[in-house]
Amino acid sequence: MSKPRIALGALLFEGNTLSPVITERTDFASKYLASGEEIPAKLASTNTEIGGALEIFRGADVEIVPLIATHGGAGGRVSGKCYRAFRDELLERLRSASKVDGVYLALHGAFIAEGIDDAEGEILAAAREIVGGDVPIAVSCDLHGHITPAMTRHAQILIGYREYPHDDTHETGARAATLLLRTIRGQIRPVSRFRRAPMILPAQRQRTKGDGPMREIIDLARARETDGSVLAASYFCVQPWLDLPGVGVTAVAVADGDAAVADRVAEEMVQLHWRKRREFLVPTETPVDAIRKGRALTGGPVILADAADCVGGGASGDSAVVLRALLEHAPDQSAAIHIVDPHAVTRAREVGTGGRFRARLGNRVAAGAGAPVEAEVVVERVEPKASFRYSGGLMGGVEASIGDAAVLAIGPIKVLCASLSSYEYADEPFQALGIDARRMKFLVVKNPMNYQQAYAGAPAMFVLDTPGPTTCNLAAVAWRRLDRPCFPMEDGFEPVFAAG
Ligand SMILES: [Zn+2]
């Protein structure tokens, strides 16, 4: 056959309906945003899905039709204008490409925009209409994707990341690309089916390495792939801060030609996830108790996980709740915390390095997520247009911007103030601003998972029960649209496993 033409694109964003912040194009541009021919140049050597897919396609005799590729991180709904611009550009490029033999799209699964609860479903339906019924569409999603019936209806191949922390984005893109190539060559006839359990789970115990509750679920998925039952079996723990109908932990299986087999494997997987649901609940501490326990320990860094302010899950990264607790209960101890606060950065730039001012730090965005902290600060460093390169994870190799930034000292406590929020993988932003996070007595992290790997060996890691859009206390959220009953808000009911 003649050289296959494959369209390729990425439109990734993890929505959080508990955040009041509207996400804009600048939030995508500060991570990665490329169109058409820019895509290979910008992403080929990164850990992204596109990087992985390009590697496979370049090793095959394939003509690539690059669409658009971007990741907006996580946050409140994307503005309607921004979403439509991305959607329309992606679809227009696909339309003007005329005939393609296959499509690969790296999506998240939980992309929501103003007035749109299922952006991926909408985009896949439109892409299907453009390419026609027979052209294979392969999709990869984040392990926290919200997988909907529209997605498996329009994509013959739907797979997810296997790892959390998400260190396998490159490999995921490569796997999707390989399945797509095999389909184009007529070697397989993939069909995807999904099953959903009526539950949402906090993220802290979803670690895929080690022997946590994910172990058995992962082993089952790999067993069904290696015993030949299915081409791919994926577990989607789902972004839990999505107050939408149809949200729940989902399994997707891709079978070769037999939808009934895909359905059976997806059901087997989601049933196991359901049986293990209580193992995912996480014990928490108040900030005051965690600081008291941490003080009694030798060495550091004692990790204080303010997971309710997780930028990677859609919070603003601007909470000063744990800073307040440190100032009240450990003002004599070294500590580091990252707070998004463009106003404080502007003041620091005016005052200059070595200057002092009375700052009002953090908590400007989400109502009910704590109050700003007032303190006398010393400006230790000002860094215009600060940026760093991710050392791993889903943006490994990508250069990200946090805008103008400053280090403010309150005694031995260092506050990294940034103008833009950033997904937190390890300690790259601290390093970029000259803070050695590992040498602190207390280190505040704002993610539910990646710190467990980044600071392995720390004397203690406390998950804090703090207010914010990415709380791990899911039962305390005032859900309005989520289907009920739903674990962990309810338990002891007979579950119905939705199919699609
Ligand atoms: Zn994720």
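Residues numbered from 1 in each chain as written. Predicted model: local features only at pLDDT ≥ 70, side-chain atom pairs only at ≥ 80, totals over all residues.

What follows is about the overall build of the chain. The secondary structure content of the chain amounts to 14 helices and 18 strands. Taken over the C-alpha trace, the chain has a radius of gyration of 23 Å; the compact-globule value for 500 residues is 23 Å, and the two agree within 12%. Taken along the three principal axes of its C-alpha coordinates, the chain extends 70 × 50 × 40 Å. Per-residue burial for the chain yields a buried fraction of 58% across its 500 residues. Nonlocal contacts in the chain, meaning residues at least 24 apart in sequence, comprise 77% of its contacts between residues at least 6 apart. (Helix = DSSP H or I, 4+ residues; strand = E, 2+ residues; numbered from the N terminus. Rg over C-alpha atoms; globule rule 2.2 N^0.38 Å. Buried ≥ 20, exposed ≤ 12 C-beta atoms within 10 Å, placed from the backbone. Contact = placed C-beta atoms within 7 Å.)

Before going further, it helps to examine the sheet that holds strand β1 (residues 5-15). Strand order in this open sheet of six strands is β2-β3-β1-β4-β5-β6, and the pairing throughout is mixed. This sheet does not close on itself; its edge strands, each paired only once, are β2 (32-35) and β6 (157-160). Mean inter-strand twist for the sheet, computed between neighbouring axes without regard to direction, equals 15 degrees. Across four bridges, strand β5 (residues 137-141) lies against β6 in parallel orientation. Of the residues in β6, the one forming a bridge with V139 is L158. Of the strands in this sheet, β1, β2 and β3 (63-75) are in contact with helix α4 (residues 80-96), which crosses β3 at around 170 degrees. (Pairing = 2+ DSSP bridges. Axes fitted to C-alpha atoms, helices over the stretch in contact; angles between N-to-C directions.)

What follows is about the packing of α4 against helix α5 (residues 119-131). Across the interface, α4 lies against α5 with an axial gap of 10 Å and an inter-helix angle of 20 degrees. In this view, α4 runs roughly parallel relative to α5, as classed from their interaxial angle. When you trace α4 past α5, the crossing you get is right-handed. Along its contact with α4, which presents Y83, R87, L90, L91, L94 and R95, the element α5 presents A119, I123, A126, A127 and I130. Its residues assigned to classes, the contact of α4 with α5 comprises nine nonpolar, no polar and two charged. (Parallel < 35°, antiparallel > 145°, perpendicular 65-115°, else oblique. Left-handed = near helix turned anticlockwise from the far one by under 90°. Nonpolar A, V, L, I, M, F, W, Y, C, P; charged D, E, K, R; others polar.)

Time to look at helix α3 (residues 49-59). Within α3, eight of the eleven residues are buried, which leaves the element mostly enclosed by the surrounding structure. Inspection of α3 places E49, I50, G51, G52, A53, L54, I56 and F57 among the buried residues, and these make up the whole buried set. Among the structural elements, β1, α2 (38-43), β3, β4 (102-107), β5 and α7 (169-184) are those in contact with the buried residues of α3.

Taken as a whole, the chain is organised into domain 1 (5-280) and domain 2 (287-471). Domain 1 and domain 2 are separated by 31 Å when their C-alpha centres are compared. Between domain 1 and domain 2, the contact holds 31 residues from the first and 28 residues from the second. Looking at the side of domain 1 that touches domain 2, the elements with two or more residues in it are β1 and β3. Ranked by residues supplied to the side of domain 1 that touches domain 2, first place goes to β3 with four residues. Split into classes, the residues belonging to the side of domain 1 that touches domain 2 amount to ten nonpolar, 17 polar and four charged. (Domains from an automatic or database assignment.)

Turning our eyes to something else, we now look at the environment of D491. Looking at the secondary structure, you find D491 in the loop between β17 (460-463) and β18 (498-499). Assessed through the 12 C-beta atoms surrounding it within 10 Å, D491 is described here as exposed. When the C-alpha positions of D491 and R277 are compared, they lie 9.8 Å apart, and in sequence the two are 214 residues distant.

At a minimum axis separation of 9 Å, helix α8 (residues 214-226) and helix α9 (residues 259-275) run at an interaxial angle of 165 degrees. Regarding the angle of α8 to α9, the classification is roughly antiparallel. The two elements α8 and α9 meet at a crossing, and its hand is right-handed. Here E216, I217, L220, A221 and R224 of α8 lie close against α9, whose contacting residues are V265, E268, M269, L272 and H273. Grouping the constituent residues of the contact of α8 with α9 by class yields six nonpolar, one polar and three charged.

A word on the sheet that holds strand β14 (residues 399-410). In space, the eight strands of this open sheet follow the order β12-β13-β14-β15-β11-β16-β10-β17, with mixed pairing throughout. Of all strands in the sheet, those with a lone pairing partner are β12 (356-361) and β17, marking the two edges. The sheet shows a mean angle of 35 degrees between the axes of neighbouring strands, direction not considered. Two elements, strand β13 (residues 373-389) and β14, share nine bridges in a ladder whose sense is antiparallel. Note on β14: the bridge partner recorded for V382 is A406. On the sheet, helix α12 (residues 342-351) packs against β12, β13, β14 and β15 (413-418) and is oriented at approximately 65 degrees with respect to β14.

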